[in-house]
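Okay, here's what each chain looks like letter by letter:
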Amino acid sequence: MLAQRINDLLPQTQCTKCGYAGCAPYAEAIASGLAPINRCPPGGEQGIAALATLLHTEALLLDETCGQHMPLQVAVIDEQYCIGCTLCIQACPVDAIVGASKLMHTVLTQECTGCDLCVAPCPVDCIEMVAVAPVRAWTRVDAQASRQRFEARNARLARPSQEPPTQETAPDIGNAVAQALAKARARRAASRTS
Ligand code: SF4
Ligand code: SF4
Ligand code: SF4
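The rules behind each value
- Residues numbered from 1 in each chain as written.
- Chains lettered and ligands numbered in written order.
- Predicted model: local features only at pLDDT ≥ 70, side-chain atom pairs only at ≥ 80, totals over all residues.
- Helix = DSSP H or I, 4+ residues; strand = E, 2+ residues; numbered from the N terminus.
- Buried ≥ 20, exposed ≤ 12 C-beta atoms within 10 Å, placed from the backbone.
- Contact = placed C-beta atoms within 7 Å.
- Expected span 1.5 Å × (residues − 1).
- Axes fitted to C-alpha atoms, helices over the stretch in contact; angles between N-to-C directions.
- Parallel < 35°, antiparallel > 145°, perpendicular 65-115°, else oblique.
- Left-handed = near helix turned anticlockwise from the far one by under 90°.
- Near = placed C-beta within 6 Å.
- Nonpolar A, V, L, I, M, F, W, Y, C, P; charged D, E, K, R; others polar.
- Arc of directions from axis to C-beta.
- Core = buried A, V, L, I, M, F, W, Y, C linked by C-beta atoms within 7 Å.
- pLDDT = per-residue confidence, 0-100.

1. Brief notes about the overall build of the chain
- When helices and strands are tallied, the chain shows six helices and four strands.
- Element order for the chain, N to C, with α for helix and β for strand: α-α-α-β-α-β-β-β-α-α.
- Each of the 194 residues in the chain was classed as buried or not, and the buried ones make up 28%.
- For the chain, contacts bridging at least 24 residues in sequence account for 63% of all contacts bridging at least 6.

Okay, here's the thing in structure tokens:
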């Protein structure tokens, strides 16, 4: 199937920078003629060229309104400010963050795709994207590993045990997070003015 062959060429970071919910939906849009082949910043010029070859079409310049192609970055959590809210874990498409509710979280650097989807949800701005050293590009091997982790996560979330907090527990969690959030914001503000 064409969409699958297109998806096989995409970087599998699931970053959504193409404007679709992940690599597979973007692949389907390309296969249907609904999206051009130049909307994937992680894939960059090489990715566009591979798609152009597969589809016997002209290679286009990357549409930089979607983002710029950059060397691999990974997320780093400033753990002293982490309030353990778990929002980053929920945002990470490849389960590259470990931690538990109200406990410090940390990124498994080897598993991080650099998608940066965990940055915006962090209520205390304690996640930063940093270039890996030595500098390197995202590879096909990385893409295969990322795809496996993404599929494993989806399978885990589809299991019945993965239920959202109940109505009884959700308000307590909300209060705890709100209190921790206020403290973390105050600490962060103090460190910025000192
Ligand atoms: S890696 Fe490319 S195709 Fe996949 S979600 Fe990101 S921008 Fe879209
Ligand atoms: S840790 Fe953040 S940047 Fe890394 S894969 Fe997960 S969501 Fe993306
Ligand atoms: S979103 Fe931020 S504060 Fe919440 S667990 Fe992740 S790193 Fe910690």
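From this point on, the discussion continues.
2. So, helix 5 (residues 140–158)
- In this model, helix 5 (19 residues) spans 27 Å end to end at C-alpha, consistent with the 27 Å of a helix rising 1.5 Å per residue.
- Listed in full, the buried residues belonging to helix 5 are D142, A143, S146, R147, R149 and F150.

3. Section: the packing of helix 1 (residues 2–9) against helix 3 (residues 44–55)
- The interhelical angle for the contact between helix 1 and helix 3, taken along N-to-C directions, is 155°, at an axis separation of 9 Å. Our classification of the angle between helix 1 and helix 3 gives roughly antiparallel. Regarding helix 1 and helix 3, the two cross each other, and that crossing is right-handed. Contact residues: R5, I6 and L9 in helix 1; G47, A50, L51 and L54 in helix 3.

4. A closer look at unusual backbone geometry
- The peptide bond linking A133 to P134 adopts the cis configuration, its omega dihedral lying at -5°.
- Within the secondary structure, P134 sits in the loop between strand 4 (127–131) and helix 5.
- Its identity as a non-glycine residue notwithstanding, Q12 has a phi of 65°, on the positive side.
- Mapped onto the elements, Q12 comes out in the loop between helix 1 and helix 2 (23–31).

5. Description of the site of ligand 2
- Close to ligand 2 lie 14 residues, the nearest being A75, C92, C112, C115 and C118.
- Residues belonging to the shell around ligand 2 are distributed by class as follows: eleven nonpolar, two polar and one charged.

6. Points about the site of ligand 3
- Around ligand 3 sit 15 residues, and of these C82, C85, C88, H105 and C122 come closest.
- Here the shell around ligand 3 is built from residues that sort into eleven nonpolar, four polar and no charged.

7. Brief notes about helix 3
- Between its first and last C-alpha atoms helix 3 spans 17 Å; for twelve residues at 1.5 Å apiece the expected length is 16 Å, and the two agree.
- Where helix 3 is concerned, the buried positions are G47, I48 and L51. Take helix 3 and look down its axis: the buried residues cluster within an arc of 100°, on one side only.
- Against the buried residues of helix 3 lie helix 1.
- In the stretch just after helix 3, H56 is the one whose phi turns positive, near 50°.

8. Considering the nonpolar core
- Ranked by size, the top nonpolar core spans 15 residues in total, and within it C88, C92, A96, I97 and C118 carry the most contacts.
- Apart from the residues within four sequence positions on either side, C118 is in contact with A75, C88, A91, C92, I97 and I127.
- One finds I6, A27, I37 and I48 within the second-largest nonpolar core, a separate group that totals twelve residues.

9. Things to note about the confidence of the model for the chain
- Summing up the model confidence of the chain, the mean pLDDT is 88 and the portion of residues at 70 or higher is 83%.
- Low confidence marks residues 164–174, where pLDDT is under 50. Its contacts with residues over four positions away, or in another chain, come to three contacts.

10. Examining the packing of helix 1 against helix 2
- Viewed as axis vectors pointing N to C, helix 1 and helix 2 meet at an angle of 130°, and their least axial separation amounts to 8 Å. By the angle between their axes, helix 1 is oblique relative to helix 2. As for the relative orientation of helix 1 and helix 2, their crossing is right-handed in sense. Of the residues in helix 2, those touching helix 1 at L2, A3, I6 and N7 are C23, A24, A27, E28, I30 and A31.
- Residue classes in the contact of helix 1 with helix 2 are distributed as eight nonpolar, one polar and one charged.

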